[in-house]
Amino acid sequence: MKSTLAANRFKTHNNKSKELVASKFHSTLQNVRIVINTGLDKNTGKPIKGKAASFKAVYINNQSQWRTIATGSTFKGTGRFGSALTAIEVGADEASTCKRCGTKNFKAKSGNVVCANACWTRWAGRNSKTDAKRRNAAASTHNAAATKAALARAASRTAVKQPDERKQIAEHYATITVGQLVKIVQDSGEVSPFVGMVTQVKSVSGRPHELLKNVSVQWMHNGVTESLTNYCKPGIVSWLEVVS
């Protein structure tokens with residue numbers, strides 16, 4: 001069995017149990033490993049009474065936790081090793097994915113099938129059964145109307161000279177709070193298709209006013225958190241538009 005594992009590029013685990021366990025990355029899927037419990041004693045190589053070999057596929061989430069997304073049937077020896085390995089890779093490919101973020105799902109201890117990255121925690125207080133496509137379509141319509149109105153307001157202000165250029169203009173600073181969904185509107189008026197959640201809002205230190213804020217946004221499509229501001233001057237700079 002050890003030679004078969006090595007030939008298929010499996011790496012043995014330094015686990016506490018006496019059973020030989022090994023794993024390798026899935027041939028095509030990112031963050032997915034194929035794990036084999038061999039049913040053999042890792043020191044002697046002899047079969048452990050009552051145990052047989054079996055494969056499972058696990059997804060390594062953004063907290064480095066291993067979540068089982070597919071399991072295979074048991075077998076003994078190496079005769080079915082190749083076919084069982086192919087079957088578990090196919091099982092991992094076909095495992096269901098989260099409707100919100102596209103991550104693989106797994107079966108929690110509660111019995112519920114949930115996102116391996118627990119993305120629902122970003123949607124606290126929101127209805128988990130809301131259809132994502134319908135929400136995004138509605139948000140796009142809202143953004144288009146809001147952008148048109150904002151550009152119209154900007155055009156009406158272009159000829160106005162303020163008596164004091166340092167004077168605060170409240171309309172240039174969007175009111176943004178933690179938990180809101182936002183999109184970026186380019187200075188051309190084009191609305192980005194990507195939606196992010198506001199995770200933190202802080203006043204900018206050293207400023208003579210309190211309207212300018214640093215806004216941390218975690219993007220739903222890739223999980224990356226970006227630091228932006230609430231400064232909003234359509235037609236001049238890119239800005240954040242609140243979706244909901």
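The preceding data block contains the structure.
This text gives an overview of the structure that appears in the document.

The rules behind these values
Residues numbered from 1 in each chain as written. Predicted model: local features only at pLDDT ≥ 70, side-chain atom pairs only at ≥ 80, totals over all residues. Heavy atoms only, no water. Helix = DSSP H or I, 4+ residues; strand = E, 2+ residues; numbered from the N terminus. Buried < 20%, exposed > 50% of the residue type's maximum accessible area, 1.4 Å probe, protein only. Contact = heavy atoms within 4.5 Å. Polar contact = N/O pair within 3.5 Å; in protein donor to acceptor, adjacent residues only side chain to side chain. Pairing = 2+ DSSP bridges. Axes fitted to C-alpha atoms, helices over the stretch in contact; angles between N-to-C directions. Salt bridge = Lys/Arg side-chain N within 4 Å of Asp/Glu carboxyl O. Phe/Tyr/Trp six-rings, centres within 6.5 Å; stacked < 30°, edge-to-face > 60°. Expected span 1.5 Å × (residues − 1).

Concerning the overall build of the protein
What the protein contains, in helices and strands, is 3 helices and 12 strands. Sorting the 244 residues of the protein into buried and exposed places 36% on the buried side. Taking as baseline every contact in the protein between residues at least 6 positions apart, the subset at least 24 positions apart corresponds to 43%.

Some words on the environment of glutamine 65
Summarising the element assignment, glutamine 65 is placed in the loop between strand E4 (53–60) and strand E5 (66–75). For the pair glutamine 65 and asparagine 117, spaced 52 residues apart in sequence, the C-alpha to C-alpha distance is 9.0 Å. Within the structure, the side chain of glutamine 65 is placed 3.1 Å from the side chain of arginine 67, a separation counted as a polar contact.

Thoughts on the side chain of glutamine 218
Along the chain, glutamine 218 turns up in strand E10 (residues 213–219). Reaching out from glutamine 218, the side chain makes a polar contact with the backbone oxygen of glycine 223 at a distance of 3.3 Å. Excluding residues that lie within four positions of it along the chain, glutamine 218 makes contacts with Arg122, Gly196, Met197, Thr199, Gly223, Val224 and Thr225.

Side note on the sheet that holds strand E3 (residues 32–41)
An order of E1-E2-E3-E4-E5 is seen for the 5 strands of this open sheet, with the pairing classed as antiparallel. If you trace the sheet from one side to the other, it starts and ends with strand E1 (11–12) and E5, each paired once. Here helix H2 (residues 81–94) sits on the sheet and contacts strand E2 (19–25), E3, E4 and E5; the angle it forms with E5, its principal contact strand, is near 150°.

Overview of the pattern of salt bridges
Inspection of every chain in the model, using the stated rule, returns 1 salt bridge. For glutamate 19, the salt bridge goes to lysine 51, with nearest N and O atoms at 3.8 Å. Of this pair, glutamate 19 sits in strand E2 while lysine 51 sits in the loop between E3 and E4, and the two are 32 residues apart along the sequence. Take glutamate 19: its relative accessible area is 8%, and that puts it in the buried class.

So, the packing of aromatic side chains
The description of two aromatic rings rests on the distance between their centres and on the angle between their planes. Tallied over the entire structure, the rule returns 4 aromatic pairs. An angle of 75° between the planes, with centres 6.0 Å apart, marks the rings of phenylalanine 10 and phenylalanine 81 as edge-to-face. One end of the pair, phenylalanine 10, is in the loop between helix H1 (2–7) and E1; the other, phenylalanine 81, is in helix H2, and 71 residues separate them in sequence. Among the residues examined, phenylalanine 81 registers a relative accessible area of 3% and is labelled buried. Residues phenylalanine 55 and phenylalanine 81 carry aromatic rings whose centres are separated by 5.3 Å and whose planes lie at 70° to one another, so their mutual orientation is edge-to-face. Placement of the pair is phenylalanine 55 in strand E4 and phenylalanine 81 in helix H2, with a sequence separation of 26 residues. We note that phenylalanine 55, like phenylalanine 81, is buried.

Here we look at the sheet that holds strand E9 (residues 196–203)
As summarised here, the arrangement of the 5 strands in space is E11-E10-E9-E8-E12, forming an open sheet in which the pairing is antiparallel. In this open sheet, the two edge strands, each paired with only one partner strand, are strand E11 (225–229) and strand E12 (239–242). Averaged over all pairs of adjacent strands, the angle between their axes in this sheet comes to 45°, without regard to strand direction. Here 5 bridges tie E10 to E11, and the two strands are oriented antiparallel to one another. Its bridge partner lying in E11, valine 215 is registered against leucine 228.

Here we look at unusual backbone geometry
Phi angles above zero are rare outside glycine, and arginine 9 is one such case at about 65°. Mapped onto the elements of the fold, arginine 9 is located in the loop between H1 and E1. The backbone phi angle of asparagine 31 is positive, close to 65°, even though this residue is not glycine. When you line up the elements, asparagine 31 lands in the loop between E2 and E3.

Remarks on H2
Compared with an ideal rise of 1.5 Å per residue, which puts 14 residues at 20 Å, H2 spans 20 Å between its outermost C-alpha atoms and is within 8% of the ideal. Where H2 is buried, its residues contact H1, E2, E3, E4 and E5.

Quick look at the pairing of E4
Counting buried residues in E4 gives 7 out of 8 residues, a clear majority hidden from the surface. As defined by bridge partners, E3 adjoins E4 across 6 bridges and the pair is classed as antiparallel. The residue of E4 that forms the bridge with isoleucine 34 is alanine 57. Bridging between E4 and E5 involves 7 bridges; their strand directions are antiparallel. Paired with tyrosine 59 across the strands is arginine 67, a residue of E5. With antiparallel pairing between neighbouring strands as the criterion, E4 and E5 make up a hairpin whose turn holds 5 residues, including serine 64 at a positive phi of roughly 60°.

Geometric descriptors of this kind do not, in isolation, establish any biological role.
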